[in-house]
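Spelled out, the chains give:
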Amino acid sequence: MLEVINLEVYYGGIAAVKGISFAVEKGEMVALIGANGAGKTSTLKALARMLPSAGSIRFCGEEIAAVPSHRLIGQGLGMVPEGRGVFARLSVAENLAMGAYSRRGDAQIDGDLARVYEMLPRLKERNKQLAGTLSGGEQQMLALGRALLGRPSFLLLDEPSMGLAPLMVQKVFETIQAVAASGVTILLVEQNAKLALETASRGYVMEGGRITLADSAANLLADPRVRQAYLGE
Amino acid sequence: MNTHAKPWQGIVLIALVLAALPFAVGLGMGNAWVRVLDFALLYIMLALGLNIVVGFAGLLDLGYIAFYAIGAYLYALLASPHFGLHWPTWAILPLGALVSGLFGILLGAPTLRLRGDYLAIVTLGFGEIVRIFLNNLNSPVNITNGPQGIARIDPISIAGVPLSKPLEFLGLALPGVYLYYYLFVLLALVIIFISLRLEDSRIGRAWVAIREDEVAAKTCGINVRNVKLLAFAMGASFGGVAGGLFAGFQEFVSPESFSLMESVMVLCMVVLGGMGHIPGVILGGLLLAVLPEVLRHGAAPVQKLLFGKVLIDPESLRMLLFGLTLILVMLYRPAGLWPSATRKRELSA
C-alpha cells in the first residue's frame, strides 16, 4: 500500500534520512522505532509531504512525492501530528468538524462522527470544551478522532505516547488498536519501542538516518540488539 | 430574548439610529463631529479588513495602512488634475480593491513561512516601503507628486452629484459631511456583511485552523498557502476601498497620512475591540477613532473647569491619556472590550 524507495531528507546540508526503503502492506500496523534524532519524524513528515525529500514514495501504486500535503487526506493518507496537534482555541466538536474539511458535502460525515464519538466517549462528553483545555491524553485522542474523520485508509501516527502519563498511553494505544482493527493501515513512529512492537505486527529500527533492522515485531522484541539499545536491558 | 424573536425590530431600530446619528451629533456638537464620525466609519472598514488578517488568520500585520495608501493614491491619480484623469468613483473603488488585493498577495507570497514577530517585522517594512515610495516617486518622472501630495482630487459623486456640496432635500440643506456619512455607513454595512459571511464560511474556518496550528490544518486538507494569501488579499482589498473613499472625501492625499502610527492605530482597534470578533472590532474602530478627538477637544475645557487655566497643552495630553486608556483596557480586559465567547472563556480560564 505504501512503498518507499531510497528516501532522503535534508535539513540544509545535513542529512536526516539517508536513503531508506521500506513498505507497508494493506491492513498492517508497522512500527518505526529508534532513538531521538534517528530520523523517524523526518521520515514521517516527508511521507506527509511536509518536508522536501528525494526518492520515491508510492501510495496505492501512485507516486505521491510531488503531491502537496493538503491533497493527501483526499487520497486516503491521513496523519496525526506529533505532540498536541489540536486547534487549541476551537471546541472539541469544531476540531472534529475540521477533520472532515476535505469531504465537503459528504453525507456520511455524521455517521463517521457518531462512530468516533462511540470509540472515544470522552470526546462526546466534552464536545463543547476548548481543545486546549483537555488533558494531554484527551488531546491525543482528539487528534486521532479528527484524523479519522478524514476517512483515511492509511494513517501516519507520530509519537502518540509523547508526554503522556502511563495510564493514558495505555488508553491511547488501545484506541490505536481499535482503529487498526477497523481496517485502517497504520505506520506508527514511536520512541517507546516496547509498546510500539507489542502493538504492531512488523517493525523497522532506524539509526542515524538509516534502517538498520527490519523484522516481525515479535522477532525484534526478542532481538538482543533491540533489547539492549531500546528496551533498556 | 425579544430581539431574537423579532430580528426585524432590531434591524429597524439600528437603521433609525444610524440615520438619525449625524443629525443628533451635528445639531448637538457641530458638523466637525459629523466629520469625525465619517472618519470613524473609514477606520471601522480598515479595522474589519485587518481583522481578517490578524483576527481570523492570526497573521500579525504591522504595515496594513499601506493598502489604505494604495487605494487612496489610486483614486487620487485616476481622479484629479495631476494626470488630468477623471475616472468615475464606481470604476475606481473596485479597481482599488483589486490592486490593493494584488499588493496583499505580493506581501503575502514571500512571507508565507513567517509567523509572529518575524512576520510583523517584514510587514512593518512593507508599510514603510510603500510610504517612502509615495514620498519619492516625484522624480525622475513625477507620479505621486512626492511629499506635497496630490490636491484637488475629485470628490466622490453618485449619479453625477458630488457629495462635497450640500444637497437640498425636503427643504433641508444636507451638508457634504452628512452625505459622506450615509455613503460610508452603507459601505461599512456591506463590509460587515462580507466579514460575517466570510467568518461563517469554509474559508473562515480554514483561516481559524491555520491560526491555531498550520501542521494540523494541512493534515485536515487545508491548502495553507492559498488560504493565507487569500487572507492577505481580502484584508488588503477592504483597505483599498477605504483608501479610495478617504481620497475622495479629503480631496487631498499625501504620504504623511500613511505613517506607521496609522498601522499601529488600526491594529489597536482590532486588538482592543476583541480580535476576531466582528462586533468587538467595530466597537474598537469607533472608540479609537472618536476618543482622540474627544480628548483633543475636551482636554482644554476640562482643565479650565478644574484648575481655572490650561496647565498642559491639550495636544500632548491627548496622546498621554490615549496611551493610558489603552494600557488600562489591556490590563482589565485582556481579550478586548467585546471579545468573542471563546476568547473570553480562554482568558478567564
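You'll find the structure just up there.
Quick caveat, the model's predicted, so the values are computed rather than measured.

Asker: Pulling in residues and values, what's your account of the overall build of chain A?
Answerer: Along the backbone of chain A there are 10 helices and 10 strands. For chain A, the C-alpha radius of gyration of 17 Å lies close to 17 Å, the compact-globule estimate for 233 residues. When the backbone C-alpha atoms are referred to their principal axes, chain A occupies close to 45 × 40 × 30 Å. A burial count over chain A gives 48% of its 233 residues as buried. Counting only contacts in chain A whose residues sit at least 6 apart along the sequence, the fraction spanning at least 24 positions is 67%.

Asker: Requested: an account of the overall build of chain B, with residues and values cited.
Answerer: Across its full length, chain B carries 14 helices and six strands. For 349 residues, the compact-globule formula gives about 20 Å, and the C-alpha radius of gyration of chain B, at 21 Å, lands near that figure. Taken over the C-alpha atoms alone, chain B extends approximately 60 × 55 × 50 Å along its principal axes. Relative to its full complement of 349 residues, chain B shows a buried share of 45%. Restricting the contact set of chain B to residue pairs at least 6 apart, pairs at least 24 apart contribute 73%.

Asker: Could you give an account of the sheet that holds strand β10 (residues 210–216) of chain A, with specific residues and numbers?
Answerer: Residue and element names in this part refer to chain A. In space, the six strands of this open sheet follow the order β6-β7-β8-β3-β9-β10, with mixed pairing throughout. In the strand order of this sheet, the two ends are held by β6 (77–80) and β10, each with one partner. Neighbour to neighbour, the strand axes of the sheet diverge by 15° on average, direction disregarded. The strands touched by helix α7 (residues 166–181) are β3 (29–34), β7 (154–158) and β8 (185–190); relative to β8, the strand with the most contacts, the crossing angle is about 155°.

Asker: Residues and numbers for the interface of chain A and chain B, please.
Answerer: Each partner contributes to the interface: chain A provides 22 residues, whereas chain B provides 18 residues. Listing elements by their share of the side of chain A that touches chain B, those giving two or more residues are α2 (69–72), β6 and α3 (92–99) of chain A.

Asker: I'd like a description of the pairing of strand β9 (residues 202–207) of chain A, backed by residues and values.
Answerer: Each regular strand displays side chains that alternate between the two surfaces of the sheet. Residue and element names in this part refer to chain A. Across the six residues of β9, five count as buried, placing the element largely inside the fold. Of the strand pairs in this sheet, β3 and β9 are connected by five bridges, and their pairing is parallel. Paired with I33 across the bridge in β9 is V205. Note: β9 against β10, six bridges, orientation antiparallel. Residue R202 lies in a different strand from β10, and its bridge partner there is S216. The hairpin formed by β9 and β10 contains two residues between the paired strands, and G208 there has a positive phi angle of roughly 55°.

Asker: Tell me about unusual backbone geometry, and please be specific about residues and values.
Answerer: The omega torsion of the bond from S139(B) to P140(B) falls at 0°, within 30 degrees of zero and hence cis. With respect to the secondary-structure elements, P140(B) resides in the loop between α6 (116–136) and β3 (157–158). Residue R151(A) is not a glycine yet carries a positive backbone phi of 55°. Summarising the element assignment, R151(A) is placed in the loop between α6 (136–148) and β7. Judged by local crowding, R151(A) falls into the partly exposed class, with 19 C-beta atoms found within 10 Å. Its identity is not glycine, yet R152(B) carries a phi of approximately 50°, on the positive side.

The rules behind the values
Residues numbered from 1 in each chain as written. Chains lettered and ligands numbered in written order. Predicted model: local features only at pLDDT ≥ 70, side-chain atom pairs only at ≥ 80, totals over all residues. Helix = DSSP H or I, 4+ residues; strand = E, 2+ residues; numbered from the N terminus. Rg over C-alpha atoms; globule rule 2.2 N^0.38 Å. Buried ≥ 20, exposed ≤ 12 C-beta atoms within 10 Å, placed from the backbone. Contact = placed C-beta atoms within 7 Å. Pairing = 2+ DSSP bridges. Axes fitted to C-alpha atoms, helices over the stretch in contact; angles between N-to-C directions.

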